[in-house]
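# Report on the structure
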Amino acid sequence: MSNHKYHSGKHHSGKRHSVLPGFNLALGFTLLYLSLIVLIPLSAAFIHTAQLTWPEFWNTVTAPRVVASYRLTFGASLAAATVNAWFGLLVAWVLVRYPFPGKRLVDALIDLPFALPTSVAGITLTAIYAGNGWLGQYLEPLGIRVAFTPAGVFVALTFIGLPFVVRTVQPVLEDIEKELEEAAAMLGATRWQTFRYIIFPAVLPALTTGFALAFARAIGEYGSVIFIAGNIPMVSEITPLLIITKLEQYDYAGATAIAVVMLVISFILLLIINLLQWQVRRRSTKA
Amino acid sequence: MKFNTGLTAGLLILGLVCTRHALAEQTILNVSYDPTRELYEEYNREFIRHWQEKTGEKITVRQSHGGSGKQARAVIDGIPADVVTLALAHDIDAISKQSGLIPADWQQHLPNNSSPYLSTIVLLVRKDNPKGIRDWDDLIKPGVAVITPNPKTSGGARWNYLAAWGFALKKYEGDEAKAQAFLTRLYRNVPILDSGARGSTINFIQRGIGDVLISWENEAFLALREYGQEKFEIIIPSISILAEPPVTIVDKNADKHGVRNIARAYLEHLYSKAGQEIAVRNFYRPSDPEIARKYAHQFPTVNLFTVNEVAGNWQLAQHIHFSDGGLFDKIYEYQ
């Protein structure tokens, strides 16, 4: 990650011709690869939607049930990514800064949500949080229902998003030079000031990347959520489920219309996050 | 790396061996709905034996299961199904209309509207029926949690919905507004809508959610057999719907694979005495009158009405109740 800084430094020096050979070939391959893997499949969604007239499209994507699902999907994803940003930072900090027995094991555990098939995560979480599950049996008498409510969606999305923040922040924390902190201490900074003005700005770009990844992953998540959500229209139905539901009613155009809306919103959100991140990075390299 | 090369080679050889095996034998694929897993596992063994006896050929039958609507879509999207055995005629109509793989008059090709076995919708409650559920009325009482899947995706759930609808129509003497209010109150009591019938059964039985499961009769009996009569009870409502799960050849696929005669025999054999006995063993009601009389004691007498009696036909039922903006959507959109 510290390498990244040097690269971005070079970008600022203008559009000078790169001394690195192979630009045309490499860019050509990048475009071809992106087209094959990302753009062509996604454009199919747009083409499919073209079967609908504008009013039909608008009615499909603004039906109350669909709007309710956007709210749940984006809201729960945002909440889950935010929680993961803070706790992921904490976990990364602990893993980098403190030696303790079993550290390697904990480190390996972080990646489990990556490796696990999402349906396994969904089934496991549901089994635990259901009224007769390990945790559910204690939560339910307190009036806290997690499984089969929007809270369940949030829990599942938090679970699958955890590794993103930890894995992006960890290498940056590892690379921060000790001398910086020593210098801060010698100049009279308190521990909080050192964290606030030295460490936090350094990890912030990585933290936003992790946040964006966790957020994007959560928006698209289907497998783990449908088991725990309850799937009640207007209450606990996520947008990806609505897409599947439309498909199962043979409404291909309707399904792709919602998919296109998801695509556009996600793209705009990711673009905003990337711009913010770019700004943060520029400020931190200038400083 | 060595391990990887070994593994790849191993997989390749395994793959080749499997394909060779498949090539040597004629294979048909039966795409079916959720609760027929056990039925077709048993029936396939019987049919393979029967076919070998009759022709000397050894064949393989593969099966695929899921929500009925999802399975129909998979066939439209290109799963090479040779026969489909789904939960309701509308899903096969959809395949016919959307893909042209099946002729429009498919339902006339086999006896009894192409339904070799029948079923109905019953209520499954916990032992000793703590909420005192006797009939459809009891499902709308406050504090009763009802488990049923989403009728938009599950064929079984559509039968469940229409069974309740038929009851309400009778109770309110054909007043559709009152029947709609009845269904609204019923679905307010539903805490989870699974996408398929099997998911609902698992939530009710294994996760202990809900007081009553609206279920296929065969699924309810299966639950009793698998999980024990000491835990659950079947409640037969005063009236219910006659469910006719239809079967048909996917003509164009079967012709392409050159297995039309096998596919046809596969479905026809479902109507034979042996096929009907297997249906009964898996708690489906037989369509053969003789077998039905023989096992009458196993199946409780229920006053049954048909889809056509309460909704005209499947096309209308689909359009009025389950299409986007239909009555089922209204239940949730205007709370």
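Bear in mind that the values here come from a model prediction, so they are computed numbers and not experimental data.

With phi around 55°, N231 of chain A is a residue other than glycine that occupies positive phi space. Relative to the helices and strands, N231 of chain A resides in the loop between α12 (223–229) and α13 (239–248). You will see that E173 of chain B, though not glycine, has its phi angle at about 50°, which is positive. Tracing the backbone shows E173 of chain B in the loop between α6 (155–171) and α7 (176–188).

With that out of the way, let us pick up the sheet that holds strand β1 (residues 26–32) of chain B. Residues and elements named next belong to chain B. Pairing is mixed across the open sheet formed by 4 strands, whose spatial order is β2-β1-β3-β9. Of all the strands in the sheet, just β2 (59–64) and β9 (247–249) have a single pairing partner and so form its edges. Strand-to-strand twist in this sheet, taken as the mean axis angle between neighbours without regard to direction, amounts to 20°. By the bridge criterion, 3 bridges tie strand β3 (residues 83–85) to β9 in an arrangement that is antiparallel. Bridging across to β9, T85 finds its partner in V247. Each of β1, β2 and β3 is contacted by helix α3 (residues 68–77), which is oriented at about 135° to β1, the strand it contacts most.

A few words now on the domain arrangement of chain B. Interfaces are frequently sized by the accessible area removed from exposure as the parts join. Residues and elements named next belong to chain B. Here the domain parsing of chain B yields domain 1 (2–115 + 245–294) and domain 2 (118–243 + 302–333). Using C-alpha coordinates to define each centre, domain 1 is positioned 28 Å away from domain 2. At the interface, 23 residues of domain 1 touch 21 residues of domain 2. Residue contributions to the side of domain 1 that touches domain 2 peak at 4 residues, all from helix α4 (residues 89–99). Across the side of domain 1 that touches domain 2, the residue classes tally to 9 nonpolar, 8 polar and 6 charged.

Rules and cut-offs
Residues numbered from 1 in each chain as written. Chains lettered and ligands numbered in written order. Predicted model: local features only at pLDDT ≥ 70, side-chain atom pairs only at ≥ 80, totals over all residues. Helix = DSSP H or I, 4+ residues; strand = E, 2+ residues; numbered from the N terminus. Pairing = 2+ DSSP bridges. Axes fitted to C-alpha atoms, helices over the stretch in contact; angles between N-to-C directions. Contact = placed C-beta atoms within 7 Å. Domains from an automatic or database assignment. Nonpolar A, V, L, I, M, F, W, Y, C, P; charged D, E, K, R; others polar.

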